[in-house]
Amino acid sequence: MKRPLRLLLAASAAAAAPAVADDAVFAACLTELRGEAPSRGVNTAAFDTLTQGLAPDMAVVGFLDAQPEFTTAIWDYMAGLVDEERVADGQAMLRKWAEVLAAVEARYGVDAATVVAVWGVESNYGRNFGKRPLLQSLATLSCFGRRQPFFRGEFFTTLQILKLGHVAPDRLTGSWAGAFGHTQFMPSTFMRLAVDFDGDGRRDLVDSVPDALASTANFLADAGWQAGRPWGIEVRLPEGFDPAQAGRRKRRTLDEWQAAGLARADGSPLPGGEETAGLILPAGPAGPAFLTLKNFDALFGYNAAESYALAIAHLADRLRGAPAGFHTPWPTDDPGLSRAERREVQQLLIARGHDIGEPDGVLGARTRRAIADLQRQLGQEPDGRAGRRLLDWLRNPD
């Protein structure tokens, strides 16, 4: 569907060096896009009005290959996305929007905890939509960098959304890649699957929580969500298990996985049957292992990263009352930090004289530079990573 933009974990993307703008190239590209607009459902008058004064934002080109789902250690990724703060906020949203969520579940068959988990990961329950104007980002990506044909499609679809009046132009801001709203739909997904759940005649994922929650459920239902079924099972691997058997698409029946020696993570037997599942090992065979069912694949369809789908699935479980973490710990001696702990790292760095801005829990470029400087002083590899050992040292440096 999209490549959202874990606003919390955008540190790795922020490190990408922006390309140099070429205004002449951009102007020529816009002229080309203008000529293509009528065949894409946008007349030239609307194109001219909506693109007037548009300038490139070259920073977005550098983000193309720096998505945190693929560049962040899984224990860091999960620690920031599924922390006590997000669980508590999500439970509050379950109570606040209980009536809407019940109606959404009745219509689309997707449970409230899953819908709210997507909301929590995508925008921190509406707190972080992203601040980049969609047209600027998508026009830039339509003219520079790789995947230009894809982004051109999203650019023209954004023009259609504005022309139809679903979202006001000044409200259409989002991630660097064009995802927007409470649950960060890409424009093309919006046109295909967004719904008007509050009945005001507009499909508004920015200013209507009911529309956003229902649209998310509609997406998952369309992706094959099975009502009342789990997303997967944490499992224990037998001694000598060949990790080459793992893979979300290497599906085997539960009977076959049971015969291969897999058991539930608590040691109890797997359920048998002909239902098929894939096996994922997010941190290799020494870490947590999961048999993933069809509902995991639906979550994967929302954003094609196994770490993302696992974060949504685990947060949904936590919202239903499951304990923190997994039976098998992550294979690291330096675990990741929650957002509250990341803010504490930043506060302690500020106290040591580092100029990193406001402590917000987002480990951006200035925070990472300060950490790297400190690591050099301590004779450590200056990777700029904030983990448990760094926090412990900052708390007790003597």
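Source: prediction; values computed, not measured.

Attention now moves to the nonpolar core. If you look at the biggest cluster of nonpolar residues, it comprises 92 residues, and the most contacted ones within it are Met78, Phe155 and Phe180. Here the element with the most residues in this core is helix 16 (residues 306–319); it accounts for nine residues. In this structure, Met78 is in contact with Ser307, Leu310, Ala311, His314, Phe326 and Trp330, ignoring residues within four places of it in sequence. Counting residues in each nonpolar core, the second largest holds 15 residues, with Val235, Trp257, Ala277 and Leu291 among its members.

Let us now look at the packing of helix 17 (residues 339–351) against helix 18 (residues 365–377). Between helix 17 and helix 18, whose axes approach to 11 Å, the crossing angle comes to 65 degrees. The handedness of the crossing between helix 17 and helix 18 comes out as left-handed. Facing Val345, Gln346 and Leu349 of helix 17, the residues of helix 18 in contact are Thr367, Ala370, Ile371 and Leu374. Grouping the amino acids of the contact of helix 17 with helix 18 by side-chain chemistry returns five nonpolar, two polar and no charged.

Moving on, we get to the sheet that holds strand 6 (residues 276–280). Within the open sheet, the five strands sit side by side as 4-6-7-3-5. Their pairing is antiparallel. Edge strands, defined here as strands with exactly one partner in the open sheet, are strand 4 (247–253) and strand 5 (263–264). Relative to strand 7 (residues 289–292), strand 6 runs antiparallel, the two sharing three bridges. Bridge pairing in strand 7 links Gly278 to Thr292.

What follows concerns the packing of aromatic side chains. Per the counting criterion, the structure on display carries 15 aromatic pairs. A ring pair is formed by Phe150 and Phe151, whose centres lie 5.0 Å apart and whose planes are at 75 degrees; its orientation type is edge-to-face. The exposure class of Phe150 is partly exposed, given its relative accessible area of 32%. For the ring pair Phe219 and Tyr302, a centre distance of 4.9 Å and an interplane angle of 75 degrees mean the geometry is edge-to-face. With Phe219 in helix 13 (residues 209–222) and Tyr302 in helix 15 (residues 294–302), the pair connects residues that are 83 residues apart, well separated along the chain. Considered together, Phe219 and Tyr302 belong to a single accessibility category, that of buried residues. Through a chain of ring-to-ring contacts, three or more aromatic side chains come together here, namely Trp231, Phe290, Phe296, Phe326 and Trp330. One cation-aromatic arrangement involves Arg147 over Phe150; the distance from NZ or CZ to the ring centre is 4.4 Å.

The next subject is the pattern of salt bridges. This model, assessed by the stated rule, comprises 27 salt bridges. For the salt bridge of Glu32 with Arg152, the shortest nitrogen-to-oxygen distance reads 2.9 Å. Within this pair, whereas Glu32 is found in helix 2 (residues 23–36), its partner Arg152 is found in helix 11 (residues 148–164), the two being separated by 120 residues in sequence. Across the pair Asp76 and Arg385 runs a salt bridge, and its minimum N-O distance is 2.7 Å. With Asp76 in helix 6 (residues 74–81) and Arg385 in the loop between helix 18 and helix 19 (388–395), this residue pair connects regions lying 309 residues apart in the sequence.

This next bit is on the environment of Arg318. Here Arg318 is to be found in helix 16. Along the backbone, Arg318 and Asn43 are 275 residues apart, and their C-alpha atoms lie at a distance of 48 Å.

What counts and how
- Residues numbered from 1 in each chain as written.
- Predicted model: local features only at pLDDT ≥ 70, side-chain atom pairs only at ≥ 80, totals over all residues.
- Heavy atoms only, no water.
- Core = buried A, V, L, I, M, F, W, Y, C linked by side-chain atoms within 4.5 Å.
- Buried < 20%, exposed > 50% of the residue type's maximum accessible area, 1.4 Å probe, protein only.
- Helix = DSSP H or I, 4+ residues; strand = E, 2+ residues; numbered from the N terminus.
- Contact = heavy atoms within 4.5 Å.
- Axes fitted to C-alpha atoms, helices over the stretch in contact; angles between N-to-C directions.
- Left-handed = near helix turned anticlockwise from the far one by under 90°.
- Nonpolar A, V, L, I, M, F, W, Y, C, P; charged D, E, K, R; others polar.
- Pairing = 2+ DSSP bridges.
- Phe/Tyr/Trp six-rings, centres within 6.5 Å; stacked < 30°, edge-to-face > 60°.
- Lys NZ or Arg CZ within 6 Å of the ring centre and 35° of its normal.
- Salt bridge = Lys/Arg side-chain N within 4 Å of Asp/Glu carboxyl O.

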